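Here are the chains, one letter per residue:
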Amino acid sequence: MPAPPEAPQPPPPPPPTDAMPPPAGAPVTVREHAPDSVSSNYKVDWSALDKNGDGNVSRAEVRASGNDDLAREFHVVDANHNGRLSKEEMKGWLR
Ligand SMILES: [Ca+2]
Ligand SMILES: [Ca+2]
């Protein structure tokens, strides 16, 4: 009894066309961080910064105030790089 001829393989099923939609409500968090730019989302109190009242805020005075953000951005706020922040330089920070 002869063996039956090999049956042709059926064609593979077509890929499903109705792909699953992306899950709804997937959390997407995009945060932009610009560490070297001046923050403007809070204000400081000039009189609290300028402890000795000489009209300038030194780096030490910023450190003493505990304002870590301003201490970190001191070089950005100090536009003329003289090591002191004048009221003019800080006008964007003052309340
Ligand atoms: Ca001062
Ligand atoms: Ca300055």
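- Per an unreviewed UniProt entry, the chain goes by EF-hand domain-containing protein and derives from Lysobacter dokdonensis DS-58.

**A look at the overall build of the chain**
Piece 1. Looking only at helices and strands, the chain has four helices and two strands in total.
Piece 2. Listing the helices and strands of the chain from first to last along the sequence gives α-β-α-α-α-β.
Piece 3. Put simply, the chain shows about 7,800 Å² of open surface, and 58% of that area lies on carbon and sulfur atoms.

**Topic: the coordination of the calcium ion (ligand 1)**
Piece 1. At 2.2 to 2.4 Å from the calcium ion (ligand 1) lie its protein donor atoms, namely Asp50 (OD), Asn52 (OD1), Asp54 (OD), Asn56 (O), Glu61 (OE) and Glu61 (OE).
Piece 2. Taken together, the six donor atoms coordinating the calcium ion (ligand 1) span angles of 54 to 153° at the metal, a pattern that classifies the geometry as irregular.
Piece 3. The sequence pattern describing where the donors of the calcium ion (ligand 1) fall on their chain is D-x1-N-x1-D-x1-N-x4-E.

**Here we look at the environment of Trp93**
Piece 1. Topologically, Trp93 is positioned in the segment after strand 2 (84-86).
Piece 2. Using a relative accessible area of 2% as the deciding quantity, one classes Trp93 as buried.
Piece 3. Between the alpha carbons of Trp93 and Val77 there is a distance of 9.1 Å; along the sequence they are 16 residues apart.

**A look at the pattern of salt bridges**
Piece 1. This structure, assessed with the given rule, holds three salt bridges.
Piece 2. Between Arg84 and Asp54 there is a salt bridge, with the nearest N and O atoms lying 3.1 Å from each other. Taken together, the residues Arg84 in strand 2 and Asp54 in the loop between helix 1 (46-49) and strand 1 (56-58) connect sequence positions 30 residues apart.
Piece 3. Relative accessible area serves as the criterion here: at 35%, Arg84 is assigned to the partly exposed category.
Piece 4. Among the residues examined, Asp54 registers a relative accessible area of 37% and is labelled partly exposed.

**With respect to the side chain of Glu61**
Piece 1. Here Glu61 is to be found in helix 2 (residues 59-65).
Piece 2. At 6.0 Å, Arg84 is the nearest oppositely charged side chain to Glu61, a buried residue that forms no salt bridge.
Piece 3. From its side chain, Glu61 meets the backbone nitrogen of Asn52 in a polar contact 3.3 Å long.

**Observations regarding the UniProt feature "domain: EF-hand" (unreviewed entry) in the chain**
Piece 1. UniProt's feature table lists "domain: EF-hand" (unreviewed entry) at residues 65-95, given in the numbering used throughout.
Piece 2. Between the end C-alpha atoms of residues 65-95 there is a gap of 16 Å, over a span that is 32% helix and 10% strand.

**Here's the deal with the coordination of the calcium ion (ligand 2)**
Piece 1. The calcium ion (ligand 2) binds to the protein through Asp78 (OD), Asn80 (OD1), Asn82 (OD1), Arg84 (O), Glu89 (OE) and Glu89 (OE); the donor distances cover 2.2 to 2.4 Å.
Piece 2. Each of the six donor atoms bound to the calcium ion (ligand 2) contributes to angles spanning 55 to 153°, and the resulting shape is irregular.
Piece 3. Within one chain, the residues serving as donors to the calcium ion (ligand 2) are arranged as D-x1-N-x1-N-x1-R-x4-E.
Piece 4. Take Asn82: its relative accessible area is 44%, and that puts it in the partly exposed class.

Quick notes on the rules
- Along every chain, residues carry numbers that run from 1 in the direction the sequence is written.
- Chain A is the first chain written and ligand 1 is the first ligand written, with later ones labelled in order.
- Where totals are concerned, whole chains, interfaces and linings use all residues; where local detail is concerned, this predicted model gives features only for residues with pLDDT of at least 70, and gives and counts side-chain atom pairs only at 80 or more.
- Computation of side-chain values covers all heavy atoms of the structure but excludes hydrogens and water.
- Numbering of helices and strands runs from the N terminus, with a helix taken as a DSSP run of H or I at least four residues long and a strand as a DSSP run of E at least two residues long.
- Only the protein chains shown count as cover for residues, with accessible areas throughout obtained via the Shrake-Rupley method and a probe of 1.4 Å.
- Any N, O or S atom lying within 2.8 Å of the metal counts as a donor, with the limit raised to 3.2 Å for Na, K and Ca; because water is left out of the atom set, some sites can appear incomplete.
- Under this scheme a four-donor centre is tetrahedral when all angles range from 85 to 135 degrees, a four-donor centre is square planar and a six-donor centre octahedral when opposite donors are above 155 degrees with the rest from 65 to 115, and any other centre is irregular.
- Only protein chains enter the calculation, and the probe is 1.4 Å; a residue is then buried if its accessible area is under 20% of its type maximum, exposed if over 50%, and partly exposed in between.
- Think of a salt bridge as a Lys or Arg side-chain nitrogen and an Asp or Glu carboxyl oxygen that are within 4 Å of each other.
- Think of it this way: Lys and Arg go in the positive column, Asp and Glu in the negative one, and His and the chain ends go nowhere.
- Between N or O atoms, a polar contact is any pair within 3.5 Å; within protein, one atom must be a potential hydrogen donor and the other a potential acceptor, and residues adjacent in sequence are included only when both atoms are from side chains.
- UniProt positions are given in the numbering used here, feature names are shortened, and annotations may be inferred rather than shown by experiment.

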